[in-house]
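What the coordinates show
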Amino acid sequence: MRTITSVIAGTAVSGAPAAMIEDRNPAALHDVVAEVALADAATFAAACRAARAAQPGWADVPAPIRGRAIAHIGRTVEANAERLARLVTREIGKPYAEALGEVREIVDTCDFFLGEGRRLYGQTVGSEMPDKQLFTFRNPVGVVAAITAGNFPVAVPSWYLVPALLCGNTVVWKPADYSPACGAALFELFVRGGGLPDGVLNLVLADGASTYDGLATALEEGNVDKVGFTGSSAVGAKIGELAGRHLQSACLELGGKNPMVVTPSADLDLAAEGALFSGFGTAGQRCTSLGTAVVHESIHDDFLARFDKLTRQAAIGDPTDAVLFGPMLDEKFAAQFDEYLHWLQPHHALHGSSATGRITRDNPRDGFVGDPDAGVYYHPVIVDGVREDDAIFRQETFGPLVGITTYRDLDDAIRLANLPGYGLSSAIYTTDAEEVFRFRRGVSAGMVSVNNSTSGAEAHLPFGGNGKSGNGSRQSGIWVLDQFTRWQAVNWDYSGRLQKAQMDVAELSPDESYRLPE
Ligand code: UN1
């Protein structure tokens, strides 16, 4: 049995400071992927001290050379794509094709940022006074603590690690406690593939409580300059509050209750296909998964019939096979999803499967692929008749559940889309350009899809949300550079005298009373 541990400054942490746990395959619970030595809060704080010690040296490595490290990491990940994808499938049950796509997202992120080492542009700007020059520089923030979720156990972490390292920061990374093997694998690919010096990237495997306490200590000790967190809105609020006490704004990527508006002009087959993938891909466990389909009342029955049919026909089961979705990420997500199913009420009509709840031999799903009793599999559920006061309408239900509600006019659809108070992703299906732009303007989401899934963002557009989905921070593309660098403004006076800004400024002789002759 393989034991995986935290790694600080290039050295594996010995023993199991907090606990030793077994990491199991959610598609085949008898399969123990690894034994995991969990660290405690003190280990987290020690990792931040190591990152602090390594940071000046890493910032001294010229940015184009750091960009080369990112290039090498990208190529190393690409060369290990199938192995890493197989591990993603084994550890969190993501269907293999999707896992390969997830690995591709790391490579895309590296490809985008490898050239940024030769840009990281600042500006050269003229002064308001002669013989004086102005400049801006991007400086690394220092030590980044990145705490990530396990539904994207390797791609979403790379959204933090790649730009943070490229910008000259050192990093302490705490992957989800249910995806430690993916975490350890990605850590090795970064450190070995990139040739990173010891302490530049550190790995801490810990549970949520130890991480929070360790982060609090590290912030207190002045060893964390930026916190990145991907996870639930509830935990994100706590992390944001903790960072705020140290006058820091965390980079928060939180939950979503992502709406899909289906209008009368929509191609209903396309909309149903989009709803199927948005709602049930990754068993509905993406932060960008579809929450509620907001469907015009005139096409509700047609849309529901198509969506129901596709969902009933979808292959569900063994994630090494060609299935729409596999198991829940982990048993704790299954237990949480069971709670959400209690939110179903008599006014709801259920569609999409032969039953609801956990799929077992006694509660079967037609056409299930493999042995349902081997893992934690759930029936997909389409909940029709959702009302705006229902918990199922207002709250994220991380799992294979999609609500349907109806609207009368587009203003009403936009109101319903925004009502839950999240604001991550959204979609509209329409062939009417005016509706597209009215929706884009009115919806609170950071991301809008037109005739496409709510999920599946590309790696070079800003990714992030508003409201309960985040504090406005954006990841990916050029926008994330503002998370991992701080602007420094420099002015250089070479006039040889003290020139006072706003005071020693030459005045022209304007005559604003001048009018053209009639
Ligand atoms: C997440 O679920 O945390 O847009 C991220 C998408 C993926 C990323 C999802 N590229 O669905």
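Residues numbered from 1 in each chain as written. Predicted model: local features only at pLDDT ≥ 70, side-chain atom pairs only at ≥ 80, totals over all residues. Heavy atoms only, no water.

1. Brief notes about the site of the ligand
Around the ligand lies a shell of 13 residues, among which Arg286, Cys287, Thr288, Gly456 and Ala457 are the nearest. The separation between a nitrogen atom of the ligand and a polar side-chain atom of Glu105 is 3.0 Å. Here Ala457 contributes a backbone N or O atom positioned 2.7 Å from an oxygen atom of the ligand. Taking 320 Å² as the accessible area of the ligand by itself, protein coverage stands at 98%. In the shell around the ligand, the residues fall into six nonpolar, four polar and three charged. (Near = heavy atom within 4 Å. Polar contact = N/O pair within 3.5 Å; in protein donor to acceptor, adjacent residues only side chain to side chain. Areas by Shrake-Rupley, 256 points an atom, 1.4 Å probe, with all protein chains shown as cover. Nonpolar A, V, L, I, M, F, W, Y, C, P; charged D, E, K, R; others polar.)

2. Examining unusual backbone geometry
Positive phi, normally seen in glycine, also occurs at Leu247, with a value near 60°. When you line up the elements, Leu247 lands in the loop between α8 (233–245) and β12 (251–253). A relative accessible area of 81% places Leu247 in the exposed class. Phi at Asn451 takes a positive value of approximately 55°, unusual for a residue other than glycine. Within the secondary structure layout, Asn451 lies in the loop between β19 (447–450) and α15 (481–484). (Helix = DSSP H or I, 4+ residues; strand = E, 2+ residues; numbered from the N terminus. Buried < 20%, exposed > 50% of the residue type's maximum accessible area, 1.4 Å probe, protein only.)

3. Some words on the side chain of Thr89
Inspection of the secondary structure puts Thr89 in helix α3 (residues 81–92). Thr89 sits in the buried class, given a relative accessible area of 4%. In terms of polar contacts, Thr89 uses its side chain to reach the backbone carbonyl oxygen of Lys94, at 2.9 Å. Non-local contacts of Thr89, meaning those with residues more than four positions away in its chain, are made with Lys94, Pro95, Tyr96, Ala99, Pro319 and Thr320. (Contact = heavy atoms within 4.5 Å.)

4. Focus on a nonpolar patch on the surface
A cluster of nonpolar side chains, contributed by Leu461, Ile478 and Trp479, occupies part of the molecular surface with about 300 Å² of accessible area. Examined against the element boundaries, Ile478 turns out to sit in the loop between β19 and α15. Owing to a relative accessible area of 44%, Ile478 belongs among the partly exposed residues under this scheme. (Patch = residues over 30% accessible without salt bridge, like charges linked within 9 Å, V, L, I, M, F, W, Y side chains within 5 Å. Salt bridge = Lys/Arg side-chain N within 4 Å of Asp/Glu carboxyl O.)

5. Examining the environment of Val490
Mapping Val490 onto the fold places it in strand β20 (residues 485–493). Dropping the residues within four chain positions of it, Val490 is found in contact with Gln133, Leu134, Phe135 and Phe137.

6. Observations concerning the pattern of salt bridges
For side chains bearing opposite charge, pairing can occur when the charged atoms are close. Inspection of the entire model under this criterion finds 24 salt bridges. Two residues, Arg90 and Asp31, come together in a salt bridge whose shortest N-O distance is 2.7 Å. Taken together, the residues span a long stretch of sequence, with Arg90 in helix α3 and Asp31 in strand β5 (residues 28–38) at a distance of 59 residues. Overall, the relative accessible area of 32% leaves Arg90 in the partly exposed class. The residue Arg75 makes a salt bridge to Asp111 at a minimum N-O spacing of 2.9 Å. Taken together, the positions of Arg75 in helix α2 (residues 63–79) and Asp111 in helix α4 (residues 96–114) put the pair 36 residues apart, joining distant regions of the chain. For Arg75, a relative accessible area of 38% puts it in the partly exposed group. The exposure class of Asp111 is partly exposed, given its relative accessible area of 33%. Where salt bridges share partners, they join Arg75, Glu78, Arg104, Asp108 and Asp111 into one cluster.

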